[in-house]
Amino acid sequence: MSLPDYQSFMTPLLACLANGKTVKLRDIDADVYRKLELSAEQLKLRIPSGKQTCAYHRLGWAKTYLVQAGLIEQPKRAFCKITQKGLAAIASGEPINNQYLSKFDAFLDFKTRSKDANEPIQVNTTSIVSNNSDKTPEELIEAAVDTLNTNLSDEILKAVLVASPVFFENLVVDLMLAMGYGGSRKDADQATQYTQDGGIDGVIKEDKLGLEMIYLQAKRYTNKTVGRPDIQAFAGALDMHRAKKGVFITTSSFSKDTLEYVGMIEKRIVLVDGAQLTELMLTHNLGVSIKHVFEVKALDSDYFMED
C-alpha cells in the first residue's frame, strides 16, 4: 500500500504543534499518523536501508522543509516548535506544501542553495525541492539509482546472451563463488571438469570443507521459457549423482508449472531467472565496476553533545 507524499505530512504536523509547545518529533509522530489515517500496513513500510519507517522518513523531511520556510523553529537540538508564520499558515486554510512554502524568501533561498551546491556535478537538484515533487531528496536519489541499475541489468543480460556457452557456464560458477560458495576457484574448476554429463554443468562446494555439494545447470535462452520437463530432467540428473541440492540458472524465465513442481519435490532445487541473475551479479559486483560514489551525510549528534 502506497504512502502519502512528504508534503501531505506538513499540515497535520503543524496542527500537532499548534498548541505552541516545544516537543521532539518522536513525541508527536503518532498523532500526525492518526491525522493522516495511516493504516497499520502503511506504518510498517520501511525505506530501502531498513533503518527507519517510510512514514517517519517523510515526516522528517516535512519538518525540514517547514523549518527552512520559517514555519517551525528548532530552539534546541532535536526539538521543534511552531512559529507565528506556522500559526498563520494553519489559519489561512490553504494546503501547506512546497508551493505554499515558496511564498517565503527563506524557502526560496534554500531551493537556490540546494541547486547551486550541486552544480559542479551537473545534477538537476531543482526537482529535489520543486513544488511538484512528491518524493523526498533521498527517495529521488534511490529512484535514480534504481533506474540506472535497471538499465545496467538490461546491458548485463545482453552481454551474457552474446557471450559463448562456455563463458556462461563459467559465469555461473563465478557467481556462486562470489556469493560465498565453493571454497576456491581452483576447487570449482576441478569439480566442473568432471561433471559435464547427465545434464549437470557444474558442481560446487556448499561450504569450504565440502560437507555437501551443489550441482549446477545453466541454460542460456532468449525467448524460451524453461518448462517443467527441463527441471524434471535436472532432478533426474541429481539422482544419478545422489545429490540433494541443485541450482538451475537461466537467462530467460520459468513457467508457472515449473515453479509449482520444485515446491512439491523433496530435493532442494533453486531456480534463478534472468532478472534475478542480473540482480545477484549487481549485488556481488560480478561483471560490473563502480562508476561513481555519492555520499549522503547526516548530522553527527554525538559530536555536538556537551558535558
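All figures in this text were calculated on a predicted structure; none of them were measured in a lab.

### Here we look at the overall build of the chain
1) Next: Assigned secondary structure in the chain consists of 13 helices and nine strands.
2) Next: Here the chain holds 307 residues, and the buried ones make up 38% of them.
3) Next: Considering only intrachain contacts with a sequence separation of at least 6, the fraction spanning at least 24 residues in the chain is 62%.
4) Next: Accessible area of the chain: about 18200 Å², with a carbon and sulfur share of 51%.

### Brief notes about the packing of helix H4 (residues 54–69) against helix H8 (residues 137–162)
1) Next: Two numbers describe how H4 lies on H8: the axes approach to 9 Å, and their chain directions differ by 125°. Here H8 runs oblique to H4, going by the angle between their axes. On H8, the residues touching His57, Arg58, Trp61 and Tyr65 of H4 are Pro137, Glu138 and Glu139.

### Notes on the confidence of the model for the chain
As a note on interpretation, predicted positions should not be read in detail where pLDDT is low.
1) Next: Looking at the chain, pLDDT values average 85 and 86% of them are 70 or higher.
2) Next: Within the model, pLDDT remains below 50 along residues 117–132, and this stretch shows 25 contacts once partners closer than five positions in the same chain are excluded.

### Re the nonpolar core
1) Next: One finds Leu13, Leu66, Leu71, Ile96 and Leu101 to be the most contacted residues of the largest nonpolar core, which totals 36 residues.
2) Next: Those elements that place two or more of their residues in this core are helix H1 (10–17), helix H2 (25–36), H4, strand S3 (79–82), helix H6 (98–101) and helix H7 (105–116).
3) Next: Considering every element that reaches this core, the biggest residue donor is H4, with nine residues.
4) Next: The residues contacting Leu71, other than those within four sequence positions of it, are Leu14, Leu66, Ile82, Thr83, Lys85, Gly86, Ala89, Ile96, Tyr100, Leu101 and Phe104.
5) Next: One finds Val172, Val247, Ile249 and Met281 within the second-largest nonpolar core, a separate group that totals 21 residues.

### Description of the pairing of strand S7 (residues 245–250)
1) Next: When you tally the buried positions in S7, you get five out of six residues, the bulk of the element.
2) Next: The pairing of strand S5 (residues 213–219) with S7 spans five bridges and is parallel. From the neighbouring strand, Leu216 faces S7, where its bridge partner is Val247.

### Some words on the sheet that holds strand S2 (residues 72–73)
1) Next: Sheet architecture is open: three strands sit in the order S1-S3-S2, paired in antiparallel fashion. At either end of the open sheet lies a strand with only one pairing partner, and these are strand S1 (23–24) and S2.
2) Next: As judged from the two bridges shared by S1 and S3, these two strands associate in the antiparallel manner. Residue pairing in the sheet places Lys24 in a bridge with Phe79 of S3.

### Focus: the sheet that holds S5
1) Next: With respect to topology, four strands assemble into an open sheet ordered S4-S5-S7-S9, the strand pairing being mixed. Each of the sheet's edge strands pairs with one partner strand only, and the pair in question is strand S4 (202–205) and strand S9 (268–272). Sheet twist, expressed as the mean angle between neighbouring strand axes with direction ignored, is 25°.
2) Next: Against the sheet, helix H11 (residues 228–240) engages S5, S7 and S9, with an angle of about 145° to S7.

### What about unusual backbone geometry?
1) Next: Of note, the phi angle at Glu37 is positive, near 55°, even though the residue is not glycine.
2) Next: Take Glu37: it is sitting in the loop between H2 and helix H3 (40–44).
3) Next: Given a relative accessible area of 70%, Glu37 falls into the exposed group.
4) Next: The backbone of Arg242 shows a phi angle near 55°, a positive value even though the residue is not glycine.
5) Next: Mapping Arg242 onto the fold places it in the loop between H11 and S7.

### Observations regarding the packing of H2 against H4
1) Next: In contact at an axis separation of 11 Å, H2 and H4 are set at 110° when each is read in the N-to-C sense. As the angle between them shows, H2 and H4 are arranged roughly perpendicular. Taken together, the residues of H4 that come into contact with H2 (itself represented by Leu25, Arg26, Asp29, Val32 and Tyr33) are Ala55, Tyr56, Leu59, Gly60 and Lys63.
2) Next: In terms of residue class, the contact of H2 with H4 is built from six nonpolar, one polar and three charged.

### Brief notes about the pattern of salt bridges
1) Next: Overall, the coordinates contain eight salt bridges when judged by the stated rule.
2) Next: Glu212 serves as the salt-bridge partner of Lys245, at 3.8 Å between the closest nitrogen and oxygen. Of this pair, Lys245 sits in strand S7 while Glu212 sits in the loop between S4 and S5, placing them 33 residues apart in sequence.
3) Next: For Lys297, the salt bridge identified is with Glu295, shortest N-O distance 3.8 Å.
4) Next: Note on Lys297: relative accessible area 72%, which makes it exposed.

Conventions adopted
- Here the residue numbers are simple positions, counted from 1 along each chain's written sequence.
- Reporting of local features is limited, given that this is a predicted model, to residues whose pLDDT is at least 70; pairs of side-chain atoms are given and counted only at 80 or more, and all residues count toward the totals for whole chains, interfaces and linings.
- Side-chain metrics in this entry use all non-hydrogen atoms of the structure; hydrogen atoms and water are not considered.
- For helices the rule is a DSSP run of H or I covering at least 4 residues; for strands it is a run of E covering at least 2, with both sets numbered from the N terminus onward.
- For every residue, the accessible area obtained with a 1.4 Å probe (protein chains only) is divided by the maximum for its type, and the residue is called buried under 20%, exposed over 50%, and partly exposed between those limits.
- Residues are treated as being in contact if the distance between any of their heavy atoms lies within 4.5 Å.
- All accessibility values rest on the Shrake-Rupley procedure with a 1.4 Å probe; residue burial counts only the protein chains present in the view.
- Here, axes are lines fitted to C-alpha atoms. For helices the fit covers the stretch in contact, and angles between N-to-C directions go from 0 to 180 degrees.
- Here the angle decides the label: under 35 degrees means roughly parallel, over 145 means roughly antiparallel, 65 to 115 means roughly perpendicular, and every other value means oblique.
- Across the chain, each position has a pLDDT score giving the predictor's confidence in that residue, from 0 to 100.
- Think of a nonpolar core as a cluster: buried Ala, Val, Leu, Ile, Met, Phe, Trp, Tyr and Cys residues, connected wherever their side-chain atoms sit within 4.5 Å.
- Strand pairing requires that DSSP identify at least two bridges connecting the strands.
- Under the scheme applied, nonpolar residues are Ala, Val, Leu, Ile, Met, Phe, Trp, Tyr, Cys and Pro; charged residues are Asp, Glu, Lys and Arg; polar residues are all the others, including Gly.
- Between Lys or Arg on one side and Asp or Glu on the other, a salt bridge is scored when a side-chain nitrogen of the former is within 4 Å of a carboxyl oxygen of the latter.

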